[in-house]
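Geometric and topological summary
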Amino acid sequence: MSQATPNKPSPHLSQIIAEYPRRHLLFAAAACCLLFITLMVIPSKEAEALRTSQAITLPIISSKPIITEAATPDTPQAPWKELVVQNGDNLSLLFQRAQLTGRDVYEITSSSKEAKQLAQIFPGQKVAFQIDEDGTLLALKHQHDLLKSTLYQRQGDSFDVSDLEREPEIRQRHVTATIRSSLYTAASKAGLQQNLIMEMASVFGGVIDFVYDIRAGDSFSILFQEHYIDGKKVGSGPILAVEFTNQDQTYKAYRYEYGNGDIGYYNEQGISMRKAFLRAPLDFTRISSSFNPNRLHPVFKTKRPHRGIDYAAAKGTPVYATGDGRVTEAGYSKANGNYVVIKHGESYTTKYLHFSKRAVKRGQKVKQQQIIGWVGSTGYATGPHLHYEFLVNGVHRNPRTVLRKLPKALSIAAADKEGFLTQIGSLQMQLAAYQNHHKYAANTQVSSNTL
């Protein structure tokens, strides 16, 4: 029977390490470190999938914060200081009141050719300055009127110039009135501005002598535009349609705009209101002396032929050419004072005497209603007035009667007739509707007063 071998104890780790050479231990330590780093850096497929999934759903974070418009805080801007141009003001004085210097004036006015117009400021206009905390002029706004402004904005050492124009709100208005003493008085009481009164006279200037033909009981009905800014009236637009009854004769005129932008006034048949000659060379003045071959001369107190019409008017009243033509004479004489003679074609000549000042020169072409001078009392004149003559083939004719015998006005061309009738159709209906409403209101007022 063999003898059993006793069990030997297991060697300790320290003993095993001690038995390995030192070089082998270094290799083993390096391998362990490499394995640990690899496990830490390279994730498992599940970990990679999880990380990728989270990257898709997480918000992207940028180094520059993105601020939406709703979240944008109010950016503080330099305040504007507005000044009203007073009598005697110039640009330097305005800049001083805005606490700016002469250097600022020079800097902006010399920045461009457009900026030089800043020197042209007038009382009542507004100039606004935008100045930062350091006293630097950032922008300037020159308000010419309620509709037009010019903006100067700093760009470095210069200023950009831009024109601003507001579009007014356009409203239509209708006015009707009966003349008791004068057209001007009746129209003014009805609320018409002077420019509209003159425009109405211009429309009918070829068929009505507003100086001589107007009578008590005449009436008018006018449809026109008015312009508003922020609810405030800033002016009157053009006349759209107008009806005038003079000595039981009714005239109607409608505004027509051609495709090229030209404007004309025509009656319902398409006949132009513009005649070859105006019935009078002045607006709303009185005739002091009519055509009279045997009149007593006011200066020499002798009977001398008066081959024209004298229009008494205030000095400086503008005088219009009654028709298209060319100035054949423009000068001064002892008897006529400052005078102008206009030739209209081969047959007709008009003469205008006693101007305070002429506005045209010899040889110049003129258009109907163009200002050729201003009323005065030069030459043999006892007071400011215009002496007007009309000659046919060199023979003096009465200006008030000869015009009725002149050629008729032109009509709308056949090619434009359909467009004209379409364009004025709505104006005819509007004018009729306003007139019916006015008549109904007037009748209602009369009925209520009789109760």
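Residues numbered from 1 in each chain as written. Predicted model: local features only at pLDDT ≥ 70, side-chain atom pairs only at ≥ 80, totals over all residues. Heavy atoms only, no water.

1. Considerations on the side chain of Gln 143
Examined against the element boundaries, Gln 143 turns out to sit in strand S3 (residues 137-143). Residue contacts for Gln 143: discarding those within four places in its chain leaves Gln 125, Lys 126, Lys 148 and Ser 149. (Helix = DSSP H or I, 4+ residues; strand = E, 2+ residues; numbered from the N terminus. Contact = heavy atoms within 4.5 Å.)

2. Looking at the nonpolar core
Counting 26 residues, the largest nonpolar core has Leu 192, Met 200, Phe 204, Phe 220, Ile 222 and Phe 244 as the members making the most contacts within it. Of all the secondary-structure elements, those providing two or more residues to this core are strand S6 (169-178), helix H6 (183-189), helix H7 (194-203), strand S7 (219-229) and strand S8 (232-246). It is H7 that provides the largest number of residues to this core, a total of 5 residues. The residues touching Phe 220, leaving out its near neighbours within four places in the chain, are Val 175, Thr 176, Ala 177, Leu 183, Ala 187, Leu 192, Met 200, Glu 243 and Phe 244. The next biggest cluster of nonpolar side chains, apart from the first, holds 25 residues, and it includes Ile 309, Tyr 311, Val 319 and Val 340. (Core = buried A, V, L, I, M, F, W, Y, C linked by side-chain atoms within 4.5 Å. Buried < 20%, exposed > 50% of the residue type's maximum accessible area, 1.4 Å probe, protein only.)

3. Remarks on the side chain of Arg 154
Note on placement: Arg 154 falls in strand S4 (residues 148-155). One polar contact links Arg 154 to Glu 107, side chain to side chain, over a distance of 3.2 Å. The residues contacting Arg 154, other than those within four sequence positions of it, are Glu 107, Thr 136, Leu 137, Leu 138 and Phe 159. (Polar contact = N/O pair within 3.5 Å; in protein donor to acceptor, adjacent residues only side chain to side chain.)

4. Thoughts on the sheet that holds strand S10 (residues 263-266)
One open sheet accounts for 5 strands, arranged S6-S7-S8-S9-S10; its pairing is antiparallel. What marks the edges here is a single partner per strand, and that holds for S6 and S10. Ignoring strand direction, the axes of neighbouring strands in this sheet form an average angle of 25°. In this structure, S6 lies alongside S7, joined through 10 bridges in antiparallel fashion. If you follow Ile 170 over to S7, its bridge partner there is His 227. Set on the sheet, H7 makes contact with S7, S8, strand S9 (249-257) and S10; between it and S8 the angle comes to about 35°. (Pairing = 2+ DSSP bridges. Axes fitted to C-alpha atoms, helices over the stretch in contact; angles between N-to-C directions.)

5. What to know about the pairing of strand S12 (residues 308-312)
Side chains on a regular strand alternate between the two faces of the sheet. With 5 of 5 residues buried, S12 lies mostly within the body of the structure. Summarising the sheet, S12 and strand S19 (residues 385-392) pair through 5 bridges and their orientation is antiparallel. Residue pairing across strands places Asp 310 opposite His 387, the latter belonging to S19.

6. Things to note about the sheet that holds strand S5 (residues 158-165)
Strand order across the open sheet formed by 5 strands is S1-S2-S3-S4-S5, with antiparallel pairing between neighbours. Both outer strands of the open sheet, strand S1 (80-84) and S5, are each paired with one neighbouring strand and no more. Here the average twist between neighbouring strands, direction ignored, is 20°.

7. Examining the pairing of strand S16 (residues 348-358)
When strand S15 (residues 337-344) meets S16, the two strands line up antiparallel, connected through 6 bridges. Pairing of Val 340 across the sheet is with Tyr 352, part of S16. If you look at the hairpin formed by S15 and S16, you'll find 3 residues sitting between the two strands, and Gly 345 has a positive phi there, around 70°. Where S16 meets S19, 6 bridges bridge the pair, whose relative direction is antiparallel. Looking across to S19, one finds that Tyr 348 is bridged to Val 392.

8. Side note on unusual backbone geometry
If you check the backbone angles, Asp 230 has positive phi at about 55° while not being a glycine. Despite not being glycine, Asp 248 shows a phi value in the positive range, around 70°. Considering the arrangement of structural elements, one finds Asp 248 in the loop between S8 and S9.

9. A look at the pattern of salt bridges
Summed over all chains, the structure comprises 12 salt bridges. With a closest N to O distance of 3.1 Å, Arg 97 and Asp 89 form a salt bridge. We classify Arg 97 as partly exposed; its relative accessible area is 34%. Take Asp 89: its relative accessible area is 17%, and that puts it in the buried class. In this structure, Glu 169 engages Arg 171 in a salt bridge whose closest nitrogen and oxygen atoms are separated by 3.2 Å. Salt bridges linked by common partners bring Arg 173, Glu 226 and Lys 233 together as one network. (Salt bridge = Lys/Arg side-chain N within 4 Å of Asp/Glu carboxyl O.)

All quantities given are derived from atomic positions and should not be read as evidence of function.
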